[in-house]
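A closer look at the structure
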Amino acid sequence: MQLMLLGLPGAGKGTQAERITADYGVPHISTGDMFRKAIAAGTELGNEVKAYLDSGRLVPDELTIRVVRDRLEQSDAKDGFLLDGFPRTLPQAEALDATLGSMERPLSAVLYIHVPQDVLLARLTGRRICKSCGSTYHVVFQPPAAEGVCDKCGGELYQRSDDTEEAVATRLEQYAHTAPLVGYYQQRGILHQVDGTRSIDDVYAEIRQILSPLRR
Ligand code: ADP
Ligand code: ADP
Ligand code: ZN
């Protein structure tokens with residue numbers, strides 16, 4: 001299955017991606033995670049993208065597309081993948097179509113996790129991430145068993161530098177570039193809307209129902 005998650009920052013894409021990859025065995029390809037790793041490692045890519053992530057602006061299309069193309073060529077993506085946070089603009093969506101067309105692996109489904117804007121700020125400012133394994137938590141909605149410590153690997157939890165009110169406001173403005181993708185995939189008949197306001201378990205149950213007829 002070639003899957004993609006679409007939704008505002010804080011909609012729950014990364015949280016649901018953890019479950020989907022565990023159950024369906026598709027690699028989780030998150031452009032945000034790849035950029036954060038590159039920044040932490042101090043690579044050339046990291047230096048190029050750091051200012052964009054810190055401020056909440058989108059990384060230029062050309063660079064983002066190159067990173068995803070390289071990732072899709074790796075062997076673990078041959079039998080399917082789950083894209084999270086890419087594409088985020090129409091040019092990115094068109095570039096993805098061209099790449100997947102040449103691989104003869106079109107998208108099977110786009111899961112659009114829909115939430116109203118007013119719930120996002122609380123989700124994003126309370127979000128915590130594991131430094132070691134990247135798992136997502138929330139201080140109220142999805143707390144770890146021991147404060148500040150990852151349940152899965154014992155790693156240290158941290159707050160993303162762009163999960164501040166100021167950067168969140170910029171990221172929500174940037175979503176204007178992403179909103180047209182809803183119509184783009186709806187037109188192709190592969191868009192599935194999911195109610196992201198429900199509990200994490202309920203959202204995942206809805207996703208499983210959508211995916212069950214697609215599973216080979
Ligand atoms: P995204 O990847 O779309 O930006 P995340 O999956 O990182 O969103 O979720 C943002 C924050 O909200 C995280 O702290 C996560 O634990 C929490 N969260 C995710 N889904 C839900 C939900 N259905 N209800 C309440 N909190 C949620
Ligand atoms: P969120 O989980 O809040 O939706 P992400 O982790 O997906 O955020 O993205 C974090 C940041 O990485 C974005 O604010 C942007 O600067 C950059 N980024 C991630 N994906 C893309 C993309 N497809 N195009 C441009 N910039 C991106
Ligand atoms: Zn961890």
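Residues numbered from 1 in each chain as written. Chains lettered and ligands numbered in written order. Predicted model: local features only at pLDDT ≥ 70, side-chain atom pairs only at ≥ 80, totals over all residues. Heavy atoms only, no water.

Examining the overall build of the protein chain
Which entries qualify depends on this criterion: Comment: elements are numbered from the N terminus, with helices defined as DSSP H or I runs of at least four residues and strands as E runs of at least two. Atoms considered for the radius of gyration are the C-alpha atoms alone. The globule rule reads 2.2 Å times the number of residues to the power 0.38. Burial classes follow relative accessibility: with a 1.4 Å probe on protein chains only, a residue under 20% of its type's maximum area counts as buried, one over 50% as exposed, and anything between as partly exposed. Throughout, a residue-residue contact means that at least one pair of heavy atoms, one from each residue, lies within 4.5 Å. Every accessible area reported is derived by Shrake-Rupley at a probe size of 1.4 Å, with residue values counting cover from the shown protein chains alone. Charge convention: Lys and Arg are scored as positive, Asp and Glu as negative, and His as well as the terminal groups of each chain are ignored. To locate a charge, take NZ of a lysine, CZ of an arginine, CG of an aspartate or CD of a glutamate.
Within the protein chain one finds 9 helices and 8 strands. Its C-alpha atoms give the protein chain a radius of gyration of 16 Å, within 12% of the compact-globule value 17 Å for 216 residues. For the protein chain, the C-alpha atoms occupy an extent of roughly 45 × 40 × 35 Å along the three principal directions. Burial statistics for the protein chain: of 216 residues in total, 48% are counted as buried. Considering only contacts in the protein chain between residues 6 or more positions apart, those separated by 24 or more positions represent 71%. Carbon and sulfur atoms form 49% of the exposed surface of the protein chain, whose accessible area is close to 10,700 Å². Of the side-chain charges in the protein chain, 24 are positive and 29 negative, and the distance between the mean point of each set is 3 Å.

Notes on the site of ligand 2
Note the cut-off: Each residue is tested against the molecule or strand, and it is near if at least one of its non-hydrogen atoms lies within 4 Å. In protein, a polar contact requires one atom able to donate a hydrogen and another able to accept it; more generally it is a pair of N or O atoms within 3.5 Å, and residues adjacent in sequence count only if both atoms are side-chain atoms. In this classification, the charged set is Asp, Glu, Lys and Arg, the nonpolar set is Ala, Val, Leu, Ile, Met, Phe, Trp, Tyr, Cys and Pro, and all remaining amino acids, among them Gly, are polar.
If you check the shell around ligand 2, you find 21 residues, and the closest are Thr31, Arg36, Arg57, Gly85 and Arg171. Within the side chain of arginine 160, an N or O atom sits 3.3 Å from an oxygen atom of ligand 2. With the chains in place, 96% of the 560 Å² that ligand 2 exposes on its own is no longer accessible. Every element with two or more residues in the shell around ligand 2 is listed here: helix H2 (31-41) and helix H3 (44-55). Of the residues belonging to the shell around ligand 2, the class tally is 7 nonpolar, 6 polar and 8 charged.

A look at the site of ligand 1
Neighbouring residues of ligand 1: 19 residues in total, closest Gly10, Thr15, Arg127, Tyr137 and Arg198. A distance of 3.3 Å separates an oxygen atom of ligand 1 from a polar atom in the backbone of alanine 11. A distance of 2.7 Å is found between an oxygen atom of ligand 1 and a backbone nitrogen or oxygen belonging to tyrosine 137. Protein burial of ligand 1: of its 560 Å² of free accessible surface, 93% is covered by the chains. Counting residues per element, the ones that place at least two in the shell around ligand 1 are helix H1 (13-24) and strand S6 (136-138). Residue classes in the shell around ligand 1 are distributed as 6 nonpolar, 9 polar and 4 charged.

As for the nonpolar core
Selection criterion: As used here, the term nonpolar core means buried Ala, Val, Leu, Ile, Met, Phe, Trp, Tyr and Cys residues forming a set that is joined through side-chain atoms within 4.5 Å.
Ranked by internal contacts, the top residues of the largest apolar core, which has 48 residues, are Ile20, Leu107 and Tyr185. Aside from chain neighbours lying at most four places away, what touches isoleucine 20 is Leu3, Leu5, Gly25, Val26, Leu82, Leu111, Tyr204, Ile207 and Leu211. Counting 6 residues, the second-largest nonpolar core is a separate cluster that includes Phe35, Val49, Leu53 and Leu63.

A look at the sheet that holds S6
So the rule is basically this: The pairing criterion for strands is at least two bridges between them, as found by DSSP.
If you trace the 3 strands from one edge of the open sheet to the other, you get S6-S5-S7, paired in antiparallel fashion. The strands lining the two open edges of the sheet, one partner per strand, are S6 and strand S7 (157-158). Sheet analysis places strand S5 (residues 127-130) next to S7, joined by 2 bridges and oriented antiparallel. Counted as the bridge partner of cysteine 130 is leucine 157 from S7.

Considering the coordination of the zinc ion (ligand 3)
For a metal bound by four donors in a tetrahedral arrangement, the ideal donor-metal-donor angle is 109.5 degrees, while six donors in an octahedral arrangement ideally sit at 90 or 180 degrees. Which entries qualify depends on this criterion: A donor here means an N, O or S atom no more than 2.8 Å from the metal, or no more than 3.2 Å when the metal is Na, K or Ca. Since water is not included, a site may seem to lack partners. Under the classification used here, a metal with four donors is tetrahedral if each angle lies between 85 and 135 degrees, square planar if opposite donors are over 155 degrees apart and the others between 65 and 115, a six-donor metal meeting that same test is octahedral, and anything else is irregular.
For the zinc ion (ligand 3), the full set of protein donor atoms is Cys130 (SG), Cys133 (SG), Cys150 (SG) and Cys153 (SG), at a range of 2.3 to 2.4 Å. Metal-centred angles of 97 to 114° between the 4 donor atoms at the zinc ion (ligand 3) mark the site as tetrahedral. Since its relative accessible area comes to 41%, cysteine 133 is described here as partly exposed.

Focus on a nonpolar patch on the surface
Selection rule: For patches, a residue must show more than 30% relative accessible area and have no salt bridge; joins then use 9 Å for like charges and 5 Å for nonpolar side chains, namely Val, Leu, Ile, Met, Phe, Trp and Tyr. What counts as a salt bridge is simple: a side-chain nitrogen of Lys or Arg found within 4 Å of a carboxyl oxygen of Asp or Glu.
Together, Val139, Val140 and Phe141 give the surface a local cluster of nonpolar side chains, amounting to about 300 Å² of exposed area. Following the sequence through the fold, phenylalanine 141 ends up in the loop between S6 and S7. Phenylalanine 141 gets classed as exposed once you look at its relative accessible area, which sits at 52%.

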